[in-house]
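Structural characterization, general
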There are 2 protein chains.
Amino acid sequence: MSQKVEFFFDVVSPYSYVAAIQVARSDVLKDVEWRPFFLGGVFKASGNQAPISVPAKGRYMAQDLKRLFAYYDTAYTFPAVFPTNSLMAMRALAAAEPSQVKALALALFSAYWSEGKNIGDAAVLADILPADLLAQASDEAVKEKLKAATDEAVARGAFGAPSIFVGDDLYFGEDRVFLVEHALKG
Amino acid sequence: MSQKVEFFFDVVSPYSYVAAIQVARSDVLKDVEWRPFFLGGVFKASGNQAPISVPAKGRYMAQDLKRLFAYYDTAYTFPAVFPTNSLMAMRALAAAEPSQVKALALALFSAYWSEGKNIGDAAVLADILPADLLAQASDEAVKEKLKAATDEAVARGAFGAPSIFVGDDLYFGEDRVFLVEHALKG
């Protein structure tokens, strides 16, 4: 992998999870940098809307996710609270060492989308994340770090999640992971 | 293929073309019914918007399409007139015999998305479609037929193009053709 590849995700986004599963399983993508950002901020800055804003899309999404998680052999439970506020969870990831982010993100994705637990709840997060990270989520510097990552992604063209950059080239959506792999194998 | 599979498309939609390429090449999908509908009507009825309504999405789409057409080894030219009015072309397809639709649709897709010709222009259409079909595009019964197909797709849950139905189950987007094939291989 000669070019830098960055994977921007938010654990509130089920399609980010579907991408994370593919990225985590891919030999070509094992050096990807996992980069937390805040999807709410991306929507606000880009003028984009969550898919569930259109009723027919929302109804379809439930089926689509069921099929995708089945295809990738991953347990799927629609969370009791959706969308939840992922800000604390994403700030904690922003506080983590780069080498820790992948494992912690997969644990959060699994808790929210495979088990349906409310990761917007601090008590739930305390069972998943190290206490020091959770404490750091309230630091101003950490809040700024997540905001800066979000602004950076938007400035580079992102309008939703997941967003993958190969160098400066944006690939949007879990359904484009194959094109990222194709570009890297190129 | 024990279940009925229907492929709803509009030739104005590049992602419909990317789906059409996959459907046309798939052994599993050779008995698919190619069903013309009018994307403008689908957007209007479902409250959905074309992707280019969000500026960052529009900029991304140009790159995304370039990559997809390259991946599928198909020539790609962004049309001089986009979006064009595909109503006459789609009405002509609605007037065609079911067995003719696939070949005519592929000819229209290729003219618009591979060669960049304006298929909203009657003179351009006259070079692609049989004269009798083009004449029938003005018949009230044909207009109604296209409108009925559009309304039917929306009533069954469609909110964009391409939309594929396996029995009553909707699959949206060229990136879900693999799931249609997966479902049929069961």
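In this report, we go over the structure that sits alongside the text. Along every chain, residues carry numbers that run from 1 in the direction the sequence is written. Written order determines the labels here, with chains lettered from A and ligands numbered from 1. This being a predicted model, a pLDDT of at least 70 is required before a residue's local features are given, and a value of 80 or more before pairs of side-chain atoms are given or counted; all residues contribute to the totals for chains, interfaces and linings.

Here we look at the relation of the copies chain B and chain A
- Alignment of copies: least-squares fit on C-alpha atoms of residues with pLDDT of at least 70 in both copies. When chain B is brought onto chain A, the operation consists of a screw motion whose angular component is 180 degrees and whose axial shift is 0.0 Å, with 0.0 Å RMSD remaining. The superposition of one copy onto the other is thereby described by a two-fold rotation axis. For chain B, the residue whose C-alpha comes nearest the rotation axis is B:Asp175, separated from it by 3.1 Å.
- Note on contacts: each residue gets a C-beta atom placed from the backbone, and two residues are in contact if those atoms are within 7 Å. Interface overlap between copies: 100% of the residues of chain B at the interface are likewise at the interface in chain A, consistent with a symmetric, same-surface contact.

Considering the environment of B:Val154
All names here are of chain B.
- Residue placement: Val154 occurs in helix α8 (residues 140-155).
- Neighbour density around each residue's C-beta defines its exposure: 20 or more other C-beta atoms within 10 Å make it buried, 12 or fewer make it exposed, and counts between make it partly exposed, where C-beta atoms are placed from the backbone. Given 21 C-beta atoms within a 10 Å radius, Val154 is considered buried.
- In the structure, Val154 is positioned 89 residues away from Leu65 in sequence and 25 Å away in space, judged by C-alpha atoms.
- Dropping the residues within four chain positions of it, Val154 is found in contact with Val42, Ala45 and Ser46. Labels follow the DSSP assignment, with helices taken as runs of H or I lasting at least four residues and strands as runs of E lasting at least two, numbered in each case from the N terminus.

Concerning the packing of helix α2 (residues 39-46) of chain B against α8(B)
Residue and element names in this part refer to chain B.
- Taken N-terminus to C-terminus, the directions of α2 and α8 make an angle of 40 degrees; their axes are 9 Å apart at the nearest point. Here α2 is positioned oblique relative to α8, judged by the angle of their axes. Along this stretch, α2 crosses α8, giving a crossing that reads as right-handed. Between α2, through Gly41, Val42, Ala45 and Ser46, and α8, the contact on the second element is made entirely by Lys147, Thr150, Ala153 and Val154.
- Amino acid classes used here: Ala, Val, Leu, Ile, Met, Phe, Trp, Tyr, Cys and Pro are nonpolar; Asp, Glu, Lys and Arg are charged; the rest, including Gly, are polar. Considered class by class, the residues forming the contact of α2 with α8 number four nonpolar, three polar and one charged. Between the N-to-C directions of two axes lies an angle of 0 to 180 degrees, each axis being a line fitted to C-alpha atoms and, for a helix, fitted only over the stretch in contact. For this classification, under 35 degrees means roughly parallel, over 145 means roughly antiparallel, 65 to 115 means roughly perpendicular, and everything else is oblique. Crossings are assigned a handedness: left-handed for a near helix turned anticlockwise from the far helix by less than a right angle, right-handed for a clockwise turn.

Things to note about the pairing of strand β1 (residues 5-9) of chain B
Residues and elements named next belong to chain B.
- Of all the five residues making up β1, four are buried; the element is thus mostly covered by neighbouring parts of the structure.
- Judged from the four bridges that link them, β1 and strand β3 (residues 163-166) form a sheet pairing that is antiparallel. Note on β3: the bridge partner recorded for Glu6 is Phe165.
- Pairing analysis gives four bridges linking β1 to strand β2 (residues 33-36), with the strands arranged parallel. Pairing of Glu6 across the sheet is with Glu33, part of β2. We treat two strands as partners when DSSP finds at least two bridges between them.

Overview of the environment of B:Trp34
Residues and elements named next belong to chain B.
- In this fold, Trp34 is placed in strand β2.
- Since 22 C-beta atoms lie within 10 Å of it, Trp34 is described here as buried.
- Spatially, the C-alpha atom of Trp34 lies 5.0 Å from that of Phe7, the residues being 27 residues apart in sequence.
- Beyond its immediate sequence surroundings of up to four residues, Trp34 is in contact with Phe7, Val101, Lys102 and Ala105.

Notes on the interface of chain B and chain A
- Across the contact, 17 residues belong to chain B and 17 residues belong to chain A.
- The dominant element in the side of chain B that touches chain A, judged by the number of residues it contributes, is helix α3 (residues 55-71) of chain B, at six residues.
- Its residues assigned to classes, the side of chain B that touches chain A comprises eight nonpolar, five polar and four charged.

These figures capture arrangement, not role.
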